[in-house]
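Read off the chains here:
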Amino acid sequence: MSAKKLLVDIHTHVYLPRYASLLRSRTSVPRILSRTTPSGDTEDRLLILDHEPSGGRPVGPQYWDREEKLKFMDKHDIDISVVSTANPWLDFLPPSTAHSLAQDLNTDLESYCSTSPLLPSSSSLNRLYAFGLLPLVPSIPIPHILSTISQISSLPHLKGVIIGTRGIGKGLDDPELELVWEAIEKAGLVIFLHPHYGVGNGEEWGERENGHVLPLALGFPFETTVAITRLILSGILDRYPSLHILLAHSGGTLPLLSSRLSSCIDHDPIVQHCLKHDARWYMSKLWFDAVAYGSEELGFVSDVIGRAEAFDKPGSSASVSVSVGGEGRKKGSERILFGTDHPFFPPLNESEKWRSVVENLEAIDGVRGWDQEAKDGVRGGNALALFGLS
Ligand code: URA
Ligand code: ZN
């Protein structure tokens with residue numbers, strides 16, 4: 001009998017109790033606000049984005065109670081989750097608070113995972129692992145970030161770090177961060193790059209009330225796209241080629257724009273000679289979650305990854321001809337990993353399986369050109385390999 005193939009969720013969030021209490025204590029965004037409903041009940045609302053519509057989103061134990069996370073996993077047959085603190089992390093805190101809270105939350109995360117049940121089919125794997133937090137805020141002394149990287153690498157259930165797009169205030173191409181990339185690479189931690197702010201100042205969404213749709217569906221992925229593109233352009237992946245960067249929401253729009261990016265670089269005298277490789281090549285150095293909700297989108301992302309190695313040298317595009325949709329597509333699938341974005345996007349009826357989860361699983365199952373091995377990889381095998389869980 002063949003071993004059971006595991007389902008691993010690498011995009012699943014928490015606000016641990018310590019963080020939730022901080023949000024409750026605040027009087028400005030980000031915050032958790034208790035309010036009385038028209039029927040006289042009390043409910044908690046989460047306000048994390050500026051101009052949050054509808055008085056914020058519902059928030060409850062599914063964000064902080066580990067039993068709720070495990071129940072959600074059981075409901076959807078998820079064997080292992082690699083949890084991460086949800087946005088906006090520590091971004092809004094002064095440096096000394098950010099530093100001490102990062103350390104405390106990392107310890108909390110370790111105990112959240114290490115005291116979780118073992119996977120029934122394994123004597124060594126837990127059901128929960130985590131991405132730690134770094135105190136990435138303006139004016140933080142770099143040694144404080146480095147000491148937190150050391151702390152995370154000493155905690156056995158912490159397998160990476162979740163980071164936003166702003167670095168310590170100037171973005172991910174900030175030269176001040178050089179030692180940070182070096183230390184993360186050396187520690188072998190996976191970087192999960194996740195959006196929070198969107199792009200622009202919000203005016204681009206217009207005046208019509210569209211709820212959260214425009215910032216979440218478009219602002220989030222564009223923000224990730226800009227951040228990772230700036231990181232690539234600054235040569236960080238050339239200088240630290242063993243960095244493992246996992247992009248939220250299937251890399252935003254980067255896969256669709258990587259050839260355009262390559263062309264713009266080729267035609268720009270300022271950046272033309274800055275990179276060791278054609279921009280498309282870097283797609284083969286990144287990992288992408290499968291939170292895309294559609295088979296065609298996942299297939300496309302794997303095509304772009306699968307062809308990437310052919311674009312080894314700058315300007316190599318003219319001589320490259322790669323077939324996609326067959327073996328090339330399967331090749332790219334190795335860098336795509338299932339995720340749910342739990343507890344965001346809950347269903348309206350609590351007893352149902354979550355539509356956001358089912359859609360992402362069906363999307364994986366329906367990709368043309370992915371055989372069962374490729375699908376099993378995206379469902380869990382690729383995550384086990386990336387996080388060294390065996
Ligand atoms: N909304 C958020 O604010 N964060 C997520 O991760 C998903 C939806
Ligand atoms: Zn998320």
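- If you look the protein up in an unreviewed UniProt entry, it shows as Amidohydrolase-related domain-containing protein from Jaapia argillacea MUCL 33604.
- Listed in UniProt under the heading Sequence similarities (unreviewed entry), the comment for the protein reads: "Belongs to the metallo-dependent hydrolases superfamily."

A look at the site of ligand 1
Then step 1. Every residue lining ligand 1 is accounted for by H13, I48, R57, N87, H194, L216, F220, D341, F344 and F345.
Then step 2. In this structure, H13 approaches ligand 1 through a side-chain N or O atom, which is 3.2 Å from an oxygen atom.
Then step 3. Contact between ligand 1 and H194: an oxygen atom at 3.0 Å from a side-chain N or O atom of the residue.
Then step 4. For ligand 1, whose unbound accessible area comes to 230 Å², protein coverage reaches 99%.
Then step 5. Here the residues of the shell around ligand 1 sort into five nonpolar, three polar and two charged.

Observations regarding the pairing of strand β2 (residues 31–36)
Then step 1. With six bridges joining them, β2 and strand β3 (residues 42–47) adopt antiparallel strand pairing. Bridge pairing in β3 links L33 to R45.
Then step 2. The turn joining β2 and β3, which pair antiparallel and follow one another in sequence, is formed by five residues; a positive phi near 95° is taken by G40.

Observations regarding the coordination of the zinc ion (ligand 2)
Then step 1. With distances of 2.1 to 2.2 Å, the protein atoms coordinating the zinc ion (ligand 2) are H11 (NE2), H13 (NE2), H194 (NE2) and D341 (OD).
Then step 2. If you list the donors of the zinc ion (ligand 2) from N- to C-terminus, the spacing comes out as H-x1-H-x180-H-x146-D. Note that H194 is positioned in the loop between β8 (190–193) and α6 (213–233) and D341 in the loop between β11 (336–337) and α11 (355–365), a separation of 147 residues in sequence. Each member of the pair, H194 as well as D341, is classed as buried.

Topic: the sheet that holds strand β4 (residues 57–58)
Then step 1. Strand order in the open sheet formed by three strands is β2-β3-β4, and the pairing between neighbours is antiparallel. What marks the edges here is a single partner per strand, and that holds for β2 and β4.
Then step 2. Docked against the sheet, helix α1 (residues 17–25) engages β2 and β3, running at close to 65° with respect to β2.

A look at the packing of aromatic side chains
Here the distance between the centres and the angle between the planes together describe a pair of aromatic rings.
Then step 1. Counted under the stated rule, the structure contains seven aromatic pairs.
Then step 2. Judged by centre distance (5.4 Å) and plane angle (15°), the ring pair of Y15 and Y63 falls under stacked. Here Y63 lies in the loop between β4 and α2 (66–75) and Y15 lies in the loop between β1 (8–14) and α1, a separation of 48 residues in the sequence.
Then step 3. With a centroid separation of 5.1 Å and 85° between ring planes, the pair formed by W281 and Y282 is classed as edge-to-face. Both residues of the pair, W281 and Y282, belong to the buried class.
Then step 4. Through a chain of ring-to-ring contacts, the aromatic side chains of Y15, Y19, Y63 and F344 assemble into a single cluster.
Then step 5. Taking NZ or CZ as reference, R166 lies 3.4 Å from the ring centre of Y197, over its face.
Then step 6. Of note, R335 hangs over the ring of W287, and the distance from its end group to the ring centre comes to 3.9 Å.

About the cut-offs
Residues numbered from 1 in each chain as written. Chains lettered and ligands numbered in written order. Predicted model: local features only at pLDDT ≥ 70, side-chain atom pairs only at ≥ 80, totals over all residues. Heavy atoms only, no water. UniProt positions renumbered as here; feature names shortened; annotations may be inferred. Near = heavy atom within 4 Å. Polar contact = N/O pair within 3.5 Å; in protein donor to acceptor, adjacent residues only side chain to side chain. Areas by Shrake-Rupley, 256 points an atom, 1.4 Å probe, with all protein chains shown as cover. Nonpolar A, V, L, I, M, F, W, Y, C, P; charged D, E, K, R; others polar. Pairing = 2+ DSSP bridges. Helix = DSSP H or I, 4+ residues; strand = E, 2+ residues; numbered from the N terminus. Donors = N, O, S within 2.8 Å, 3.2 Å for Na, K, Ca; no water. Buried < 20%, exposed > 50% of the residue type's maximum accessible area, 1.4 Å probe, protein only. Contact = heavy atoms within 4.5 Å. Axes fitted to C-alpha atoms, helices over the stretch in contact; angles between N-to-C directions. Phe/Tyr/Trp six-rings, centres within 6.5 Å; stacked < 30°, edge-to-face > 60°. Lys NZ or Arg CZ within 6 Å of the ring centre and 35° of its normal.

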